Amino acid sequence: MKIKEIGIDGFGKFHDYHTELSEGIQVIYGNNETGKTTLRQFMFHMLFGLEKSRGTAARKDDYTRYMPVEGGRYGGYLLVEKEGQRYRIQRTFETGNRQLRLFLEDTMEEIPLPKQSLQGVLFENSAESFQNTASLTQADIRTGKEMQKILQNSMANLRNSQDARLDIRKAVNILKGKRRNARKNPAFYRSEQLRQRLGEASFQENELKKYETQEEELYRQLNQKPRLSLLQRILQWIRRLFGVDQEEIRKNEICHKLEVVRLEKEHLLEQKQEIEDLKKEYQSALTQKKEAEQEVRWIDRAIWGIETAAADIQKTFGEELNEKISDIFCQMTGARYDKAVMDQSMEMMVRQDGRYIDMKYLSNGAVEQLYFALRLAAGELLYGEDEFPLFLDDVFGNYDDERLKNTLAYLSQNCERQILIFTGRREILNMLEKLKIDFHVIVL
């Protein structure tokens, strides 16, 4: 992607400002307070947007810092070119009237932006990645936590055409969260609770059979007619005359016994049913527990698979990154060093005459060159398809003439991206002229 034209309605000190850029190296030249950083921030926010922070943070955020001073609508346009096609980006940053529109420049056909973002439509890079690999200042050229996070995450990602946007750590963390939730499944507690209740429940099958036998015997006695002798019948008849029915008394006694037996039997049957219900509930909870355990095993396997694959890819990508850093750093130092090595903790060493030197023993200029090489290499390997312009805002402050010469020579000969150098140092212009490098100057 190349920026062809800048138009600012209102942004910071700029009002009704317009300039055109050419391919190759652009030098945005001016003294302090002329707006170099403001212009760089305008281009950045035109690509990625600008929103007002909440609360007290809003007092010092970019939205407040770059509100128009000289009037004009808060926003403007960029004309960019990518893969031979020209696009017009129009933005209004003002809260309550925020707007983003994208057009094909030649036909002014508008391109839909469902998410009101250029990411995923015009480019894939995130704002954070862009700031760490394409928009560099001397203050943040050394690797900070954000750059470390990007690289460490990218080195752990499965690399394909869209790998830089695939956050493996986030995916693993999501899986670990699902695993925690699966382990909190109520079935684990419920199954244990039901198991304990089943262990405490008591039911005597023999007791139930005993009462069933007694019940049968009592029914038999109740329905059985007693065999009485003649004398017994006469006595029975005499008792009835006096209101005493021996047979009725016998039957009542049997019915009473039957009622007691039935109550005991029903109580045992209720216990039996409760235990049967407990068993069914326990089996259901056990099934749910096994399903949750299976889910945990599946998640464990998924985490293992991702982390194993990521570890393999990390080694390959780490080797590629080291090779790229070494190539860039070697050229920018005039072959003084022939290799650079970075470990997983982002510590770096360089090799000179077969001897490795820890970066803490290098000069500030060499260290900044090394980090510059790291950012260029990371940007090329991770986000090469976007081919964003390279924004360099006073990054050469600690470079002597030799380092400056080698770095500018490398950029002009090996970097196919558009390069925007924001500086107030005249010696950079002189060095470009001395090296006979074509460049375009915008004076602020």
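Attention here is on the structure that accompanies the text. (Residues numbered from 1 in each chain as written. Predicted model: local features only at pLDDT ≥ 70, side-chain atom pairs only at ≥ 80, totals over all residues. Heavy atoms only, no water.)

**A look at the packing of helix α10 (residues 364–383) against helix α11 (residues 401–414)**
Next up, step 1: Put simply, α10 and α11 touch, their axes get as near as 11 Å, and they point 10° apart. Considering their axes alone, α10 and α11 lie roughly parallel with respect to each other. Residues G365, A366, Q369, F372 and L376 of α10 form the contact with α11, whose participating residues are R403, T407, Y410 and L411.
Next up, step 2: Residues that form the contact of α10 with α11 fall into these classes: five nonpolar, three polar and one charged. (Axes fitted to C-alpha atoms, helices over the stretch in contact; angles between N-to-C directions. Helix = DSSP H or I, 4+ residues; strand = E, 2+ residues; numbered from the N terminus. Parallel < 35°, antiparallel > 145°, perpendicular 65-115°, else oblique. Contact = heavy atoms within 4.5 Å. Nonpolar A, V, L, I, M, F, W, Y, C, P; charged D, E, K, R; others polar.)

**Some thoughts on a negative patch on the surface**
Next up, step 1: A cluster of acidic residues, E266, E270, E274, E276 and D277, forms a negative patch at the surface.
Next up, step 2: For E276, the position within the fold is in helix α9 (residues 246–332).
Next up, step 3: Judged by its relative accessible area of 32%, E276 falls in the partly exposed class. (Patch = residues over 30% accessible without salt bridge, like charges linked within 9 Å, V, L, I, M, F, W, Y side chains within 5 Å. Areas by Shrake-Rupley, 256 points an atom, 1.4 Å probe, with all protein chains shown as cover. Salt bridge = Lys/Arg side-chain N within 4 Å of Asp/Glu carboxyl O. Lys, Arg positive; Asp, Glu negative; His and termini not counted. Charge placed at Lys NZ, Arg CZ, Asp CG, Glu CD. Buried < 20%, exposed > 50% of the residue type's maximum accessible area, 1.4 Å probe, protein only.)

**Some details on the pattern of salt bridges**
Next up, step 1: All told, the structure shown has 14 salt bridges when counted by the stated rule.
Next up, step 2: Put simply, D9 and R73 hold a salt bridge, and the shortest N to O gap is 2.4 Å. In this pair, D9 sits in strand β1 (residues 2–11) while R73 sits in the loop between α2 (62–65) and β4 (75–82), placing the two residues 64 residues apart along the sequence.
Next up, step 3: You can call D9 partly exposed: its relative accessible area is 26%.
Next up, step 4: The partly exposed category is assigned to R73, whose relative accessible area is 39%.
Next up, step 5: Its salt-bridge partner being R40, residue D393 comes within 2.9 Å of it at the nearest N-O pair. Here D393, found in strand β12 (residues 390–393), pairs with R40, found in helix α1 (residues 36–48); they are 353 residues apart in sequence, far enough to count as distant.
Next up, step 6: For D393, a relative accessible area of 6% gives the class buried.

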